[in-house]
Amino acid sequence: MRRVPRSPIDQAHSYQAERTRRLPAKWLAATLITAAVGLLAPGVSVTAGRSGATTATRTAATTAATTAVGCRGVSQAFFPAVGFITNPSRAQGGHLWWFRSTDGSVCIGTVIMWVQYNATAAKTWRVVIYSPRHPGGLTVASRTFTLKRGWYWWGFGVHQAYRGLAAVCVTASESFGVSCVHFTTASAR
C-alpha cells in the first residue's frame, strides 16, 4: 500500500495530513446538514465534462456587480470529479460556497479544489467564471504548484459577487480536466 506523500511546499495541503485528523461528531453532523442544504439549494446544478481549448484570460476579476467586501457564501455546491480534478475517493473535485444577493448577483466565497498528480509536474490551478460579460471565461484566482505524485487540495478565497453568473469552473490544465458548477438566473427560481 502506497502512502500519499506530503506536499514538498507549504502552500498545498496533502491528503495524508487531512486523513489523520478526525472531526468530532457535532462537526460531522453540521457538515452533513450544510451539504444537504447546499444540494437542495435552488438555482444550482452541477455538470462535468472534458475540456477543449479555452480562451480564459488570466487577469483578476473586476465586475460592475455588487462587490461586497468580505463576500462569503452560505450554501455549498460540489464540483464533480473529472479526470485528475478529484479527491482520493473520486467522490468530488472540490466545492464552493455561494449565495445569491437581492440584486440577483451571485457571491462566490471560498473555492476548494482537489487535484491528483501521477508524477511530479508543474500545473497552474485556476478558478474560472463564465457570465454574459465573460462568455469565454475569466480566471479569477490561480496558483502554480510543482508537486509530487499524490492528491492535493487548495482553497481560493474569491469573495466576489458576479452579475449574471452562469458557471464557476476549476482546472489544473485542460489535460487534467475541467469541473464546473452551473448557476441558473434568479428569474428561473
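Just above, that's the structure.
Undergrad: What should I look at first to understand the pairing of strand β8 (residues 150–162) in this one?
TA: Along any regular strand, the residues point their side chains to alternate faces of the sheet. Burial within β8 is extensive, with 10 of its 13 residues counted as buried. Relative to β8, strand β5 (residues 106–117) runs antiparallel, the two being bridged by 11 bridges. Of the residues in β8, the one forming a bridge with threonine 110 is glycine 157.

Undergrad: For this particular structure, what's the right way to read the packing of aromatic side chains?
TA: The geometry of an aromatic ring pair is captured by the separation of the ring centres together with the interplanar angle, meaning the angle of the planes. Evaluation of the coordinates by the stated rule reveals 6 aromatic pairs. With centroids separated by 5.0 Å and ring planes inclined at 45 degrees, the aromatic side chains of phenylalanine 84 and phenylalanine 176 adopt a geometry described as tilted. Of the two residues, phenylalanine 84 is situated in the loop between β3 (75–79) and β4 (94–100) and phenylalanine 176 in the loop between β9 (167–171) and β10 (178–183); the sequence distance between them amounts to 92 residues. Exposure remark for phenylalanine 84: the relative accessible area of 26% places this residue in the partly exposed category.

Undergrad: Looking at this structure, I do not really get the pairing of β9. What am I missing?
TA: Most of β9 sits inside the fold, with 5 of its 5 residues counted as buried. The alternating pattern of β9 places Ala167, Cys169 and Thr171 and Val168 and Val170 on opposite faces, both of which are buried. Two elements, strand β6 (residues 121–131) and β9, share 5 bridges in a ladder whose sense is antiparallel. If you follow arginine 126 over to β9, its bridge partner there is threonine 171. As paired strands, β9 and β10 are joined by 5 bridges and run antiparallel to one another. Residue cysteine 169 lies in a different strand from β10, and its bridge partner there is cysteine 180. The loop that links β9 with its antiparallel partner β10 comprises 6 residues; one of these, serine 173, has a positive phi angle of about 155 degrees.

Conventions used here
Residues numbered from 1 in each chain as written. Predicted model: local features only at pLDDT ≥ 70, side-chain atom pairs only at ≥ 80, totals over all residues. Heavy atoms only, no water. Buried < 20%, exposed > 50% of the residue type's maximum accessible area, 1.4 Å probe, protein only. Helix = DSSP H or I, 4+ residues; strand = E, 2+ residues; numbered from the N terminus. Pairing = 2+ DSSP bridges. Phe/Tyr/Trp six-rings, centres within 6.5 Å; stacked < 30°, edge-to-face > 60°.

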